[in-house]
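Summary of the model geometry
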Amino acid sequence: MKTARNNILNLSRTELKEFVRSLGEPAYRADQILWWVYKKLATSFEEMTDLPLPLRQKLASGISLSNLTSIDEKISADGQTRKVLFRLDDGKTIESGFMLYGREGSSRERRTVCVSTQVGCPIGCAFCATGQQGFERNLNPGEIIEQVLYFMRSMNKDMGTDLARRPVTNVVFMGMGEPLANYEAVWQSIAMLNSKQGLNLGARQITISTVGLVPQIQRLARENIHVELAVSLHAASDELRNRLVPINKKYPLRQLMAACWEYFEKTGRRPTFEYALFRGINDSVGHARELAALLEGLTCHVNLIAGNPTKSKEFVPSPRKTVLAFQKQLTDSGISNTLRLSKGVDIEAGCGQLRSRWIAAR
Ligand code: SAH
Ligand code: SF4
């Protein structure tokens, strides 16, 4: 069985240089390999025709270029959302998504990959399909990066030679798992997504979504790549948030908000707050006022989402009328917000849903 150690996607540029040197080759070969992997989206070492044949053979026998196998794939009726279930080398499964926003070929076109960072999730939010599956393990950097490469490779085929259009423009860490609970691997993957020798995605094109791990948000604020930060808030009082997001007991709203202010001050990046509306739980006009009061003065944005249905009988999506009244109150209170249409509900694109269906079927 292949192990995480011998996946080339797990290696930073420096580590790859060391690796090629250990094979008796000059260090510049590392950049040639990176070019094939991240620019040409190669899926085998045989393709790397400017490398000497013996090196290609050594690479093929010593290290792998892929650790994910697609085992199920769904495309939404409008063709704009894709969801893939992957099997990892140890047999565990994760899911990733691809979403198309804006008219194809237009300057507003965005091709976003949503990646998982853990198998399951240790946080256990009450309304979340992933949280209910428990926690199995962290993903390594290569397993995170390959989720993006998978869609790039497949989009690249569809898009042919139109080089002006990039097969993937944005990456969001909003799949299964809590990215900041797997900090090192997530950060290594971001460094490669962002680097010139890697995928060369701008920091603004990368978003980390977190449940609100305060020390890690502070650490993120000190990094040299200033990615976008999304915080899954869902409630504006500790009493309610303790129920929805159990980690709130450890990092209550006062601490969380202070970390968000700090993030904005250190990075200049306006935080986004995710707020999923569940019927009769957090969706009243009073809740909207409470949210506006919590965010007052902070340069930020709120993404409102009608909750995705899960197995839970307690958490059902708010009716459209309630969602619109909530949004109106927020807007009237001067809070910048967007109502996100639930993309890909017909393919269970909500967090962890395709995987829970797959597990249930077995
Ligand atoms: N662990 C991270 C990132 C993964 S979850 C986090 O919690 O932010 C990605 C987003 O999906 C989060 O905003 C999460 O709160 C939201 N989510 C989970 N279950 C949901 C549901 N049933 N309906 C709507 N949003 C949901
Ligand atoms: Fe984990 Fe995020 Fe789901 Fe909470 S919402 S259980 S943190 S994946």
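Here the structure is a predicted model, which means the values were calculated and not measured.

What follows concerns the packing of helix H5 (residues 183-194) against helix H6 (residues 214-221). What describes two packed helices is the angle between their axes and the distance between those same axes. Where H5 meets H6, the closest approach of the two axes is 12 Å, and the angle between their N-to-C directions is 30 degrees. The pairing of H5 with H6 is recorded here as roughly parallel in orientation. Between H5 and H6 lies a crossing whose hand is right-handed. From H5, Tyr 183, Glu 184 and Trp 187 reach across to H6, where they touch Gln 216, Arg 219 and Leu 220. In terms of residue class, the contact of H5 with H6 is built from 3 nonpolar, 1 polar and 2 charged.

On to the confidence of the model for the protein chain, then. Mean pLDDT over the protein chain works out to 90, with 90% of the residues at or above the 70 mark. Within the model, pLDDT remains below 50 along residues 1-5, and this stretch shows 8 contacts once partners closer than five positions in the same chain are excluded.

It is worth spelling out the packing of aromatic side chains at this point. Evaluated as defined, the whole model comprises 9 aromatic pairs. Summarising the aromatic geometry, the rings of Phe 127 and Phe 278 are spaced 5.3 Å apart at their centres and angled 40 degrees between planes, so their arrangement reads as tilted. With Phe 127 in the loop between strand S5 (118-120) and strand S6 (135-138) and Phe 278 in the loop between strand S10 (272-277) and helix H9 (285-295), the pair connects residues that are 151 residues apart, well separated along the chain. With a centroid separation of 5.4 Å and 80 degrees between ring planes, the pair formed by Phe 278 and Phe 315 is classed as edge-to-face. You can see Phe 278 sitting in the loop between S10 and H9 and its partner Phe 315 sitting in the loop between strand S11 (301-306) and helix H10 (320-332), a full 37 residues away along the chain. Counting every residue linked through ring pairs, the aromatic cluster contains Phe 86, Phe 98, Tyr 150 and Phe 151. Positioned above the aromatic ring of Tyr 101, the side-chain terminus of Arg 110 is 5.0 Å from the ring centre.

Compared with an ideal rise of 1.5 Å per residue, which puts 15 residues at 21 Å, helix H8 (residues 253-267) spans 21 Å between its outermost C-alpha atoms and is within 8% of the ideal. Taken together, the buried positions of H8 are occupied by Leu 253, Leu 256, Met 257, Ala 259, Cys 260, Tyr 263 and Thr 267. For H8, the angular spread of the buried residues around the axis is 155 degrees, confining them to a single face. Across H8 from its buried face, at more than 90 degrees, point the exposed residues Arg 254 and Glu 265. Lining the buried residues of H8 we find H6, strand S9 (228-232), helix H7 (238-244), S10 and H9. Within two residues after H8, Gly 268 carries a phi angle of roughly 75 degrees, on the positive side.

Let us look at the nonpolar core. Membership of the largest hydrophobic core comes to 105 residues, with the highest contact counts inside it found for Phe 173 and Phe 273. Each of domain 1 (4-62) and domain 2 (69-361) contributes no fewer than three residues to this core. Apart from the residues lying within four places of it in its own chain, the contact partners of Phe 173 are Val 115, Thr 117, Ile 144, Pro 179, Val 186, Ser 189, Ile 190, Leu 193, Ile 206, Thr 207, Ile 208 and Ser 209.

Here the idea is simple: oppositely charged side chains can pair when their charged atoms come close. What the rule picks out here adds up to 16 salt bridges. Glu 146 is paired through a salt bridge with Arg 153; the nearest N and O atoms lie 4.0 Å apart. Residue Arg 153 is classed as buried on the basis of its relative accessible area, which comes to 13%. The partner of Glu 314 in a salt bridge is Arg 243, with the nearest N and O atoms 3.2 Å apart. Here Glu 314, found in the loop between S11 and H10, pairs with Arg 243, found in helix H7; they are 71 residues apart in sequence, far enough to count as distant. A residue is classified by how much of its surface remains accessible, and Arg 243, at 48% relative accessible area, is partly exposed. Members of the salt-bridge network, linked through shared partners, are Asp 90, Arg 137 and Glu 143.

Within the open sheet, the 10 strands sit side by side as S1-S2-S3-S4-S7-S8-S9-S10-S11-S12. Their pairing is mixed. One side of each edge strand has no neighbouring strand; the edge strands of this open sheet are strand S1 (69-75) and strand S12 (337-340). Geometrically, the sheet is characterised by an average inter-axis angle of 20 degrees between neighbouring strands, direction not taken into account. Where strand S8 (residues 206-210) and S9 come together, 4 bridges link them in parallel fashion. For Thr 207, the partnering residue across the bridge sits in S9 and is Glu 228. The strands touched by H10 are S10, S11 and S12; relative to S12, the strand with the most contacts, the crossing angle is about 165 degrees.

Quick notes on the rules
Throughout this description, residue numbers start from 1 for each chain and increase along the sequence as written. The order in which chains are written sets their letters, starting at A; the order in which ligands are written sets their numbers, starting at 1. With pLDDT at 70 or above as the cut-off, local features in this predicted model cover only qualifying residues; side-chain atom pairs require 80 or more to be listed or tallied, and sums for whole chains, interfaces and linings still use all residues. As a rule here, side-chain values come from all non-hydrogen atoms in the structure, and water together with hydrogens is ignored. What counts as an axis is a line fitted to C-alpha atoms, over the stretch in contact for a helix, and the angles between N-to-C directions run from 0 to 180 degrees. Strands here are runs of E lasting at least two residues and helices are runs of H or I lasting at least four, both read from the DSSP assignment and numbered beginning at the N terminus. Throughout, the term roughly parallel applies to angles under 35 degrees, roughly antiparallel to angles over 145, roughly perpendicular to angles from 65 to 115, and oblique to all others. Here a crossing is taken to be left-handed if its near helix is turned anticlockwise relative to the far helix by less than a right angle, and right-handed if that turn runs clockwise. Two residues form a contact once any of their heavy atoms are found within 4.5 Å. Just so you know the grouping, Ala, Val, Leu, Ile, Met, Phe, Trp, Tyr, Cys and Pro go in nonpolar, Asp, Glu, Lys and Arg go in charged, and all remaining residues, Gly too, go in polar. pLDDT gives the predictor's per-residue confidence on a scale running from 0 to 100. Between rings of Phe, Tyr and Trp, where Trp is taken as its six-membered ring, a pair exists when centres lie within 6.5 Å; planes separated by under 30 degrees are stacked, by over 60 edge-to-face, and by other angles tilted. By the criterion adopted, a ring carries a charge over it if an Arg CZ or a Lys NZ lies within 6 Å of its centre and within 35 degrees of its normal. Working rule for helices: expected span equals 1.5 Å times residues minus one. Type-normalised accessible area, obtained with a 1.4 Å probe on protein chains alone, sets the label of each residue: buried when under 20%, exposed when over 50%, and partly exposed for intermediate values. Note that the arc is defined by the directions from the helix axis to the C-beta atoms. Residues enter a nonpolar core if they are buried and are Ala, Val, Leu, Ile, Met, Phe, Trp, Tyr or Cys, with the set joined through side-chain atoms within 4.5 Å. Annotation comment: domain bounds sourced from an automatic or database domain assignment. For this document, the term salt bridge refers to a Lys or Arg side-chain nitrogen within 4 Å of an Asp or Glu carboxyl oxygen. In short, DSSP must find at least two bridges between two strands for them to pair.

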